[in-house]
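One-letter residues, chain by chain:
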Amino acid sequence: MSTISEKIFSRAAGKEAKANDFVIADIDYAMAHDGTSILAVRSFRQMEVEKVWDPSRIVIPFDHLAPANSDTTAGLQKDIRGWVRQQGIRNFYDIGNGICHQVLPEKGFAMPGKLIVGADSHSCTYGAFGAFGTGVGATDMAEIFASGKLWFRVPESIRITAEGKLDDRVCAKDLTLKIIGEVTASGATYKAVEFYGDAIENLSMAGRMTLSNMAIEMGAKAGIVPPDATTFEYLKNRAVSDYEPVYSDGDADYVAEYHIDVNSLEPQVACPHEVDNVCGVSGIAGKKLDQAFIGTCTNGRLEDLEAAAEVLKGNEVAVRTIIIPASRQIMKEAASKGLIEIFLDAGATMGTPGCGPCLGGHMGVIGEGEVCISTANRNFRGRMGTGGYIYLASPATVAASAIKGEITDPRNV
Ligand SMILES: CC(C)[C@H](C(=O)O)[C@@H](O)C(=O)O
Ligand code: SF4
């Protein structure tokens, strides 16, 4: 009797795989972005293998420092573009296409039952589609480039059930932060988390991606939502191959179980400098801000921009506010729905689809002692600039806080 992860690894390894088994698995899709492809390609070259195992299964989006922010970055990106051409990798998405974890699902690579590995820790986002999505280091990625295989210890699984109805202006991000606060930043280390309950089933694909995206912030190897009609609808005319949905057996083994009640959950905020330092917005409301940021692979999707626009419409921001759609496709949809006009009228600044200031590289780094409220997934010390303070919240909470210049409950604007 098996969990979703055990079933996916059994198929990918071509033999029965149980938790804690070591297996060598065939990778369905591999991703490296501008940040990590550089190291992966360097290691790949050292292996003296001429051609990658299957160029059609490798996806390379440029998103982290895109467009390039320096001579060095520009040179490294130029090198990768050349390598991509030489290897015949057609799934190359240059600057402005968007963030890897949005681009892969959008282009139909994230599918139920697949084993998808990215050289980026938030590759767990693909779990929203019932895939086993996980992050690896660049040298492991070089091994995948060469052989299409990688070793794993099959993770044990944790079962999280969330039930109830989210109030107005309480978002998937609030549910996610609530879960992380309960489980803690190390509570799911090397485990695969499976999400159940009506509060999860009622989430859109965007909401599920927010949730799975932050599984790594509990230490998890993967964060999987069982695929259902919502998943299949999203994948219609999009999935790049056939896929086989995978579900756990009723008596599968879980090493821990959590139950979360989301009825009357208030908007949540993760305070500096740990992602599990979570409180209700009422506990921190009034905290003065210098910057607000809406975007990232956690919350840069259309639904997030709509939630922000609903709050911002007809208002003006009181602090500098940066809004970056997670992909070109989302930016296009946001433009056609009039959201960009709402943002610009409110005094916000738009950036090129990509990671933006999320990891403190460019496009909105904060200064010493400055305070930013962000829809991202990490608030580690120094992440967005040395000596800065980051509060994590939902798009609605960030938008409301931007208007007031201080942390604000979005239900109060
Ligand atoms: C640059 C990359 C290796 C990193 C990650 O793996 O997560 C980044 O995306 C991040 O969010 O910190
Ligand atoms: S948006 Fe942030 S968290 Fe997501 S991949 Fe980019 S840097 Fe990492």
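Residues numbered from 1 in each chain as written. Chains lettered and ligands numbered in written order. Predicted model: local features only at pLDDT ≥ 70, side-chain atom pairs only at ≥ 80, totals over all residues. Heavy atoms only, no water.

### A word on the packing of aromatic side chains
Alright, step 1. As enumerated under the stated definition, the model contains 10 aromatic pairs in all.
Alright, step 2. Relative to Phe 132, the ring of Phe 9 lies with its centre 4.8 Å away and its plane at 65°, an arrangement referred to as edge-to-face. One end of the pair, Phe 9, is in helix 1 (residues 4–13); the other, Phe 132, is in strand 6 (residues 132–135), with 123 residues separating them in the sequence.
Alright, step 3. Take Phe 9: its relative accessible area is 0%, and that puts it in the buried class.
Alright, step 4. Centre to centre, the rings of Tyr 29 and Phe 109 are 5.4 Å apart; their planes meet at 65°, and the pair counts as edge-to-face. Separated by 80 residues along the polypeptide, Tyr 29 in strand 2 (residues 29–31) and Phe 109 in the loop between helix 4 (100–106) and strand 5 (115–118) bring together distant segments of the chain. Considered together, Tyr 29 and Phe 109 belong to a single accessibility category, that of buried residues. (Phe/Tyr/Trp six-rings, centres within 6.5 Å; stacked < 30°, edge-to-face > 60°. Helix = DSSP H or I, 4+ residues; strand = E, 2+ residues; numbered from the N terminus. Buried < 20%, exposed > 50% of the residue type's maximum accessible area, 1.4 Å probe, protein only.)

### Re the site of ligand 2
Alright, step 1. What surrounds ligand 2 is the set His 64, His 101, Asp 120, His 122, Thr 296, Cys 297, Cys 355, Cys 358, Leu 359, Asn 377 and Arg 383.
Alright, step 2. Residue composition of the shell around ligand 2, grouped by class: four nonpolar, five polar and two charged.
Alright, step 3. Structurally, the shell around ligand 2 is a two-domain feature, drawing no fewer than three residues from each of domain 1 (4–259) and domain 2 (268–412). (Near = heavy atom within 4 Å. Nonpolar A, V, L, I, M, F, W, Y, C, P; charged D, E, K, R; others polar. Domains from an automatic or database assignment.)

### Some thoughts on the environment of Leu 76
Alright, step 1. Relative to the helices and strands, Leu 76 is located in helix 3 (residues 71–87).
Alright, step 2. Judged by relative accessible area, Leu 76 falls into the partly exposed class, the value being 32%.
Alright, step 3. Through-space distance from the C-alpha of Leu 76 to that of Ala 256 is 44 Å; in sequence the pair is 180 residues apart.

### Examining helix 1
Since the α-helix advances by 3.6 residues per turn, residues separated by three or four positions end up pointing in the same direction.
Alright, step 1. Of all 10 residues making up helix 1, seven are buried, and the element is well covered by its neighbours.
Alright, step 2. Every buried residue of helix 1 is listed here: Ile 4, Ser 5, Glu 6, Ile 8, Phe 9, Ser 10 and Ala 12.
Alright, step 3. Of the residues trailing helix 1, Gly 14 is marked for its positive phi of about 70°.

### Some details on the nonpolar core
Alright, step 1. Core analysis: the largest hydrophobic core is formed by 60 residues, its most contacted members being Leu 312 and Phe 343.
Alright, step 2. Here this core spans two domains, since at least three of its residues come from each of domain 1 (4–259) and domain 2 (268–412).
Alright, step 3. Excluding anything up to four places from it in sequence, Phe 343 contacts Leu 305, Ala 308, Ala 309, Leu 312, Ile 323, Ala 348 and Met 350.
Alright, step 4. One finds Val 23, Ala 25, Ala 32 and Ile 89 within the second-largest nonpolar core, a separate group that totals 44 residues. (Core = buried A, V, L, I, M, F, W, Y, C linked by side-chain atoms within 4.5 Å. Contact = heavy atoms within 4.5 Å.)

### Things to note about the pattern of salt bridges
Alright, step 1. Throughout the structure, instances matching the rule amount to 18 salt bridges.
Alright, step 2. When the shortest N-O distance is used, the salt bridge between Asp 28 and Arg 57 registers 4.0 Å. Linking Asp 28 in the loop between strand 1 (22–26) and strand 2 with Arg 57 in the loop between helix 2 (34–46) and strand 3 (58–61), this pair joins segments that are 29 residues apart in sequence.
Alright, step 3. On the accessibility criterion, Asp 28 (9% relative accessible area) is buried.
Alright, step 4. One salt-bridge network, held together by shared partners, links Arg 11, Asp 28, Asp 54 and Arg 57. (Salt bridge = Lys/Arg side-chain N within 4 Å of Asp/Glu carboxyl O.)

### Some points on unusual backbone geometry
Alright, step 1. The omega torsion of the bond from Ala 66 to Pro 67 falls at -5°, within 30 degrees of zero and hence cis.
Alright, step 2. Within the element layout of this structure, Pro 67 appears in the loop between strand 3 and helix 3.
Alright, step 3. Its identity is not glycine, yet Asn 20 carries a phi of approximately 80°, on the positive side.
Alright, step 4. Relative to the helices and strands, Asn 20 is located in the loop between helix 1 and strand 1.
Alright, step 5. The phi torsion at Asn 237 lies on the positive side, around 55°, for a residue other than glycine.

### As for the domain arrangement of the protein chain
Alright, step 1. When the domains of the protein chain are assigned, the result is domain 1 (4–259) and domain 2 (268–412).
Alright, step 2. On a C-alpha basis, the centroid separation for the pair domain 1 and domain 2 is 24 Å.
Alright, step 3. For the pair domain 1 and domain 2, the summed buried area comes to about 3100 Å², and 57% of that belongs to carbon and sulfur atoms.
Alright, step 4. Its largest share of buried area at the contact with domain 2, domain 1 owes to Ile 99, Arg 169 and Lys 173, together 22% of the area lost on that side.
Alright, step 5. Across the domain 1-domain 2 interface, the total number found is two salt bridges.
Alright, step 6. Across the pair Arg 378 and Glu 217 runs a salt bridge whose closest N-O atoms are separated by 3.0 Å.
Alright, step 7. Applying the counting rule to domain 1 against domain 2 returns 22 residue pairs in polar contact (both at pLDDT 80 or more).
Alright, step 8. Among the secondary structure elements, those contributing two or more residues to the side of domain 1 that touches domain 2 are helix 4, helix 6 (172–183) and helix 8 (205–213). (Buried area = accessible area lost by both parts, 1.4 Å probe. Polar contact = N/O pair within 3.5 Å; in protein donor to acceptor, adjacent residues only side chain to side chain.)

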